[in-house]
Amino acid sequence: MMKAKVFIALLGVVLTLPALAHRYFFGLTEISSNLNTGAVEFVHQYTLHDVQHALSKLAGERFSLDKENAEAVLKRWVTDNFSVKNVDDKKVELTWVGFEADYQKIWVYQELPAQKNLCGWEVSNTLLFDTFSAQVNTINIVDEYGNRSLILTDENRTDIINCQKESKD
């Protein structure tokens, strides 16, 4: 009798795991300067399963990172959905550096040559918005003006990098 109760309890937990496994859709991009090269680095981090799901939906077939053209597909998707414009409202082309992944996360790397600053630059990030309506993309900027974040959603896909130093009055 006790074994049956334990089995039923475990079965209940196992059956609810898929529903509990992934209730939020969150992406993180960090923009910072490389102290050695001066390049501005863009590091995007997402849940691998979400990215694979989005790219499968886009391609109409199962997407996997071990496919021959996976990096080209991933690069096009990121380039189409993440962009920056300088203060002159001109889109700035980011250089693709590459990506890496483990069984849960994927990291995508892009960069720009050294910049004086990114003050007033516009950032747009629509990665995963077409797949998950609740997607939230956070962009952390780390530079001489401090650390700050932009929070982008399907309703607010673009924001401006503010460089005002906070007064401590």
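Our subject is the structure that appears above.
Residues numbered from 1 in each chain as written. Predicted model: local features only at pLDDT ≥ 70, side-chain atom pairs only at ≥ 80, totals over all residues. Heavy atoms only, no water.

(A) Quick peek at the state of the cysteines. For the coordinates displayed, the defined rule picks out one disulfide. The disulfide partner of cysteine 119 is cysteine 163, and the S-S distance across this bridge is 2.3 Å. Judged by the sign of its S-S torsion, about -110 degrees, the bond between cysteine 119 and cysteine 163 is left-handed. Placement of cysteine 119 in the loop between β6 (105-112) and β7 (122-125) and of cysteine 163 in the segment after β10 (158-160) is noted, with a sequence separation of 44 residues between them. The pair formed by cysteine 119 and cysteine 163 is uniform in burial state, with each residue classed as buried. (Disulfide = S-S within 2.5 Å. Helix = DSSP H or I, 4+ residues; strand = E, 2+ residues; numbered from the N terminus. Buried < 20%, exposed > 50% of the residue type's maximum accessible area, 1.4 Å probe, protein only.)

(B) Local environment of the sheet that holds β10. The four strands lie next to each other as β4-β3-β7-β10, forming an open sheet whose pairing is antiparallel. In the strand order of this sheet, the two ends are held by β4 (91-92) and β10, each with one partner. Alignment of strand β3 (residues 82-85) against β4, held across two bridges, turns out to be antiparallel. What sits directly across from lysine 85, in β4, is lysine 91. Against the sheet, helix α3 (residues 70-81) engages β3, β4 and β7, with an angle of about 45 degrees to β3. (Pairing = 2+ DSSP bridges. Contact = heavy atoms within 4.5 Å. Axes fitted to C-alpha atoms, helices over the stretch in contact; angles between N-to-C directions.)

(C) Highlighting the packing of helix α2 (residues 48-59) against α3. Here α2 crosses α3 at 90 degrees, and the two axes come no closer than 11 Å. What the angle tells us is that α2 and α3 run roughly perpendicular. Contacts between α2 and α3 involve Val51, Ala54, Leu55 and Leu58 on the former and, on the latter, Val73, Leu74 and Trp77. Residues that form the contact of α2 with α3 fall into these classes: seven nonpolar, no polar and no charged. (Parallel < 35°, antiparallel > 145°, perpendicular 65-115°, else oblique. Nonpolar A, V, L, I, M, F, W, Y, C, P; charged D, E, K, R; others polar.)

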